[in-house]
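Architecture and fold: a report
Okay, here's what each chain looks like letter by letter:
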Amino acid sequence: MGPPDLGTRVPLDRARIIDGAIAFVDAHGLPMLTMRRLGAALGVEAMSLYRYVPGREDLLDGVVDTVVDELFADPDVLLEPEHGWQDYLQRLAHGVRRIALTHPALFPLVATRPPSAPWVRPRCAA
């Protein structure tokens, strides 16, 4: 593939790296994700990624946060129970299922990093 032309190069930032990692894993699977391969996919040297993500674990945390944010952006998922707890849980379950179907290679990662998963860490009542 190779790096893009200098005139069309998109500046590198954390969001672009994380979005690139999500696209890479969706296309090739999680075991294939390395900083070198991700850098090549983004058209940059792998070392330039470390300016924005200190390492693979930080990259994976960012990927999980971004994918879970899709749940919060889903208009069918309610963030508060408005029509009873059963409707709330059903909407949440359908939202989680949509994430699993959209990112099947990433979903096990989302499920194994519970601090970022809102359904594992419910809000405490005062």
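Notes on the structure in this doc start here. Owing to the predicted nature of the structure, the values given are computational and were not obtained by experimental measurement. (Residues numbered from 1 in each chain as written. Predicted model: local features only at pLDDT ≥ 70, side-chain atom pairs only at ≥ 80, totals over all residues. Heavy atoms only, no water.)

Remarks on the pattern of salt bridges
Inclusion rule: A pairing counts as a salt bridge when a side-chain nitrogen of Lys or Arg comes within 4 Å of a carboxyl oxygen of Asp or Glu. Counting from the N terminus, the helices are the DSSP runs of H or I reaching at least four residues and the strands are the DSSP runs of E reaching at least two. Think of it in three bands: residues with accessible area under 20% of the maximum for their type are buried, residues over 50% are exposed, and the middle band is partly exposed, with areas taken using a 1.4 Å probe on protein chains only.
Within this structure, the stated rule accounts for three salt bridges. R14 is the salt-bridge partner of D58, the closest N and O atoms lying 2.7 Å from each other. With D58 in helix 4 (residues 56-73) and R14 in helix 1 (residues 14-28), this residue pair connects regions lying 44 residues apart in the sequence. For R14, a relative accessible area of 31% corresponds to the partly exposed category. Where D74 meets R98, a salt bridge forms, and the shortest distance between an N and an O atom there is 2.7 Å. On the criterion of sequence distance, the pair formed by D74 in the loop between helix 4 and helix 5 (85-102) and R98 in helix 5 is long-range, its members being 24 residues apart. Residue classification places R98 among the partly exposed positions, given a relative accessible area of 33%.

Remarks on a negative patch on the surface
Where we set the bar: Patches draw on residues past 30% relative accessible area with no salt bridge. Two like charges within 9 Å are joined, as are two nonpolar side chains (Val, Leu, Ile, Met, Phe, Trp, Tyr) within 5 Å. The protein chains shown are the only cover counted for residues, whose accessible areas, like all others here, come from Shrake-Rupley with a 1.4 Å probe. Charge convention: Lys and Arg are scored as positive, Asp and Glu as negative, and His as well as the terminal groups of each chain are ignored. Just so you know, the charge point we use is NZ for Lys, CZ for Arg, CG for Asp and CD for Glu.
On the surface, a cluster of negative charge is made up of D26, D65, D69 and E70. When residues of the negative patch are assigned to their parent elements, the largest contribution, three residues, is made by helix 4. Secondary-structure assignment places D69 in helix 4.

Some words on the packing of helix 1 against helix 4
The following threshold applies: For every element, the axis is a line fit to its C-alpha atoms; helices are fit only across the contacting stretch, and the angle between N-to-C directions ranges from 0 to 180 degrees. For classification purposes, an angle smaller than 35 degrees is called roughly parallel, one larger than 145 roughly antiparallel, one from 65 to 115 roughly perpendicular, and anything else oblique. By definition in these notes, contact holds between two residues if any of their heavy atoms fall within 4.5 Å.
Look at helix 1 against helix 4: their axes get within 9 Å of each other, and the N-to-C directions meet at 80 degrees. With respect to their mutual orientation, helix 1 and helix 4 come out roughly perpendicular. Contacts between helix 1 and helix 4 pair R14, I17, I18, D19, A21 and I22 from the former with D58, L59, G62, V63, T66 and V67 from the latter.

Considerations on the packing of helix 1 against helix 2 (residues 35-42)
Two packed helices can be described by the angle between their axes and the distance between those axes. Between helix 1 and helix 2, whose axes approach to 10 Å, the crossing angle comes to 105 degrees. Judged by the inter-axis angle, helix 1 sits roughly perpendicular to helix 2. Of helix 2, the residues touching helix 1 (which contributes R16, I17, G20, A21 and F24) are R37, L38, A41 and L42.

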